[in-house]
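The residues making up each chain are set out below.
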Amino acid sequence: MASSDPSKRTRPGPWPPAPESAAMPPSSWAKRTGFRPKFSGESNATDSGQITALPTPTPPAPAPAPAQAQAQAKPRQPDANLDLEAGRPRPGPTSNGEAVVARDRAKEKEKEKEQTPPVRKRRDSDGGKTPAANGQAAAGEGSRRAARNEEAAVVDVLPQSVMDDDGFVARHSHMKYELRDTPGLVPIGLYGVQHFLSILGSLILIPLVIVPAMGGTYEDTANVVSTVLFVSGVTTLLHTSFGSRLPLIQGPSFVYLAPALAIINSPEFLGLTGNNFKHIMKELQGAIIIGSAFQAFLGYSGLMTLLLRLINPVVVSPTIAAVGLSFYSYGFPRVGTCIEIGVVQILLVVMFSLYLRKISVLGHRVFLIYAVPLGLFITWAAAFLLTEAGAYSYKGCDPNIPASNMVSDHCRKHVSRMKNCRVDTSHAFRSAPWFRFPYPLQWGTPVFNWKMALVMCVVSIISSVDSVGSYHASSLLVASRPPTPGVLSRGIGLEGLTSILAGLWGTGTGSTTLTENVHTIAVTKMGSRRAVELGACVMIVLSLIGKVGGFIASIPEVMVAALLCFMWAMLTALGLSNLRYSEAGSSRNIIIVGLSLFFSLSIPAYFQQYGISPNSNLSVPSYFQPYIVASHGPIHTKSGWLNYALNTLLSLHMVIAFLVAVVLDNTVPGSPQERGVYVWSEPEAARREPAVFKDYGLPFRVGKFFRWVKWVGL
């Protein structure tokens, strides 16, 4: 930890390290954001320019006079006139003795500077190449800082780091590959595939939940899974090229799962006969397209920059945490349908991710990175062997016959185990084609229903809030500085456009930044944009192989529920981890987060249980009961679509958490440092810094078309 006192800074080379101070006052945006090492575990990382001027060794100064020594020995008091940009106190009125000391020091520094020029080192994330323009600009900036700080130019350090799961500082200087690194085709190829495999659960689990809920077959599930992989690869390439340009994977977010289930269980769909899947999917597509168009307008119109003023870590944390907590009624109740398979699945993932997380194989934490795929493969293989051995086959019983039509009590007793424990690949893997190309409107022409579209428009705002937190956290790991508000608006706008593509292709949910991606970057230490792009190309190729979707569709629902228990718990923790950017111990923040989380569970419970008698026969399974509130909610007006929209929205946990948090955080007084207000890079400063321009600038000179639109560029 570097000291804020120039005379006590650690010097490289032959100079002995100086004693550490209590805390370093962060500079510029980090200061205003409230990134304090003693509160959040943050530590300092290199500055955006990544230039360090090493001071040359100088002979020791003569012993100071008693008056001067007494002046130097006085403890430095915090200055109210702290220059946030320069990271030092502004000059103010001082005593005569202090003025003499300061003048003598300035003369000595000028003589030293004339005798020996400062040695500069550059470390650029492009691999060490130093353009002349960048070096000249940095040299000028370094000389100005030298004059300000009254010593050799040493760039301000920004606490752009977070603590990894083992307590080590995970900053971008410790990353194996940073944002613009291109070490070679083979390394980035391996890391890119690893990146997608590590979040495989986020990509495939949502289709495995919503397709059976729509009445789809194994073949429908396989086709939707292939479509999700294809759209995820395409939208990730678009986002890394023309969006925020951060190495963030786009895919079906859990933010869209609850509203999708609410639409699937709408009253008008309960009495459908025939192919329910295609009819409901077309309704979902229409709602997603309209909601995504609203999100695109929110980003590209510049309204997102206004909304950013209301979004802070105290708002993001409970909102994202509520997404994970909202599915508790689906998680373990589904695991209990085949307890021996579901519990083993959970225990394996927990053992790999926690107890074996420090074990490295060839320098990689295999068990931590691949906890979900490894646990899924082992449990699936065990369930497959048990199925083939006849452990879940009962004489004279057919699992495809409904329980109501079974005559034998013996079969009726074991029908649940036959349906939930078996891994029957004949329905999915064997029937899936080897090649299948997902194409737009493959389920038919979308149906536009405005009451469902209104729900998706509100959900798109929640999705944008989720992405804001992901942009900020990932930029601290891999980029030189946080993005500008214009870059963020551009990313949100492109997420809206890519969600429109997801609606046209028919994935069942919108496409947005996966929150789990930030955790994957911190664990794998891989932040290369090229690696993520190459991994996206691999996903596109795999999506064309129909057998891949068929294999995934053969995963039993109980294993899906077990994995979701882990994924939703991770999502909850990742949401709450945003509090590290604020003063988490503040009573103000504690009360706001506590109220947001409690009401996000309690208010939707009131809506979900309203008008349902304990002994009523529900037309849907009990684990889908929270999503049929549109038919019995407490709001009854003359407008049917308004009743549907309000009853549905107020039954969604994340919507309540967002409303409570955003109102309290923006009305309860609190300092920006206490609130942890997100401070993004200034556009003018970003344009002057070549490193920032390389991180976020649009390729192929596309940025020239956006020069007139200030809110979607640097």
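About the thresholds
- Residues numbered from 1 in each chain as written.
- Predicted model: local features only at pLDDT ≥ 70, side-chain atom pairs only at ≥ 80, totals over all residues.
- Heavy atoms only, no water.
- Core = buried A, V, L, I, M, F, W, Y, C linked by side-chain atoms within 4.5 Å.
- Buried < 20%, exposed > 50% of the residue type's maximum accessible area, 1.4 Å probe, protein only.
- Helix = DSSP H or I, 4+ residues; strand = E, 2+ residues; numbered from the N terminus.
- Contact = heavy atoms within 4.5 Å.
- pLDDT = per-residue confidence, 0-100.
- Expected span 1.5 Å × (residues − 1).
- Phe/Tyr/Trp six-rings, centres within 6.5 Å; stacked < 30°, edge-to-face > 60°.
- Lys NZ or Arg CZ within 6 Å of the ring centre and 35° of its normal.

Trainee: Before we move on, could you go through the nonpolar core and cite the residues and values that matter?
Mentor: The tendency in soluble globular proteins is for nonpolar side chains to be buried as a group. Of all hydrophobic cores here, the largest spans 125 residues; its most connected members are F254, L257, M304 and I555. No other element matches helix α19 (residues 450-478), which puts 12 residues into this core. Every residue in contact with L257, bar those within four places of it in the chain, is listed here: I206, V209, I210, F327 and W568. V314, A321, L579 and L597 belong to the second largest nonpolar core, which has 6 residues in total.

Trainee: Quick one: what's the story with the confidence of the model for the protein, residue by residue and with numbers?
Mentor: Low pLDDT marks regions whose predicted coordinates should not be analysed in detail. For the protein, per-residue confidence averages 76 on the pLDDT scale, and 71% of positions sit at 70 or higher. When pLDDT is averaged over each element of the protein, helix α27 (residues 653-667) comes out on top at 95 and strand β6 (residues 169-170) at the bottom at 38. Per-residue pLDDT stays below 50 along residues 117-173; that stretch engages in 140 contacts with residues further than four places along the chain or on separate chains.

Trainee: Can you tell me about helix α17 (residues 371-388), naming the residues and giving the values?
Mentor: The terminal C-alpha atoms of α17 lie 26 Å apart, and with 18 residues this matches the ideal 26 Å at 1.5 Å per residue to within 8%. Residues A371, V372, P373, G375, L376, T379, W380, A383 and T387 constitute the buried set of α17. One or two steps after α17, the chain reaches G390, where phi turns positive at roughly 90°.

Trainee: Could you give me a rundown of unusual backbone geometry, with the residues and numbers involved?
Mentor: Its identity is not glycine, yet R245 carries a phi of approximately 70°, on the positive side. Within the secondary structure, R245 sits in the loop between α8 (218-242) and β7 (250-252). The class for R245 is buried, based on a relative accessible area of 7%. With a phi close to 55°, L441 is a non-glycine residue in the positive phi region. Locating L441 in the fold gives a position in the loop between α18 (409-421) and α19. Assessed through its relative accessible area of 39%, L441 is described here as partly exposed.

Trainee: Pulling in residues and values, what's your account of the packing of aromatic side chains?
Mentor: Taken as a whole and assessed by the stated rule, the structure comprises 16 aromatic pairs. Measuring from ring centre to ring centre gives 5.5 Å for F230 and F437, while their planes differ by 70°; the resulting arrangement is edge-to-face. Here the residue F230 occupies a position in helix α8, and F437 occupies one in the loop between α18 and α19, the gap between them amounting to 207 residues. The partly exposed category is assigned to F437, whose relative accessible area is 43%. A centroid spacing of 5.9 Å and a plane angle of 35° characterise the contact between F230 and W505, whose relative ring orientation is tilted. A residue pair is termed long-range when its members are at least 10 positions apart, and F230 in helix α8 and W505 in helix α20 (residues 485-505) qualify at 275 residues. We note that F230, like W505, is buried. Grouping aromatic residues by their ring pairs yields a cluster made of F254, F327, Y330, W568, F624 and Y627. Its end group placed over the ring of Y644, K451 keeps NZ or CZ at 4.6 Å from the ring centre.

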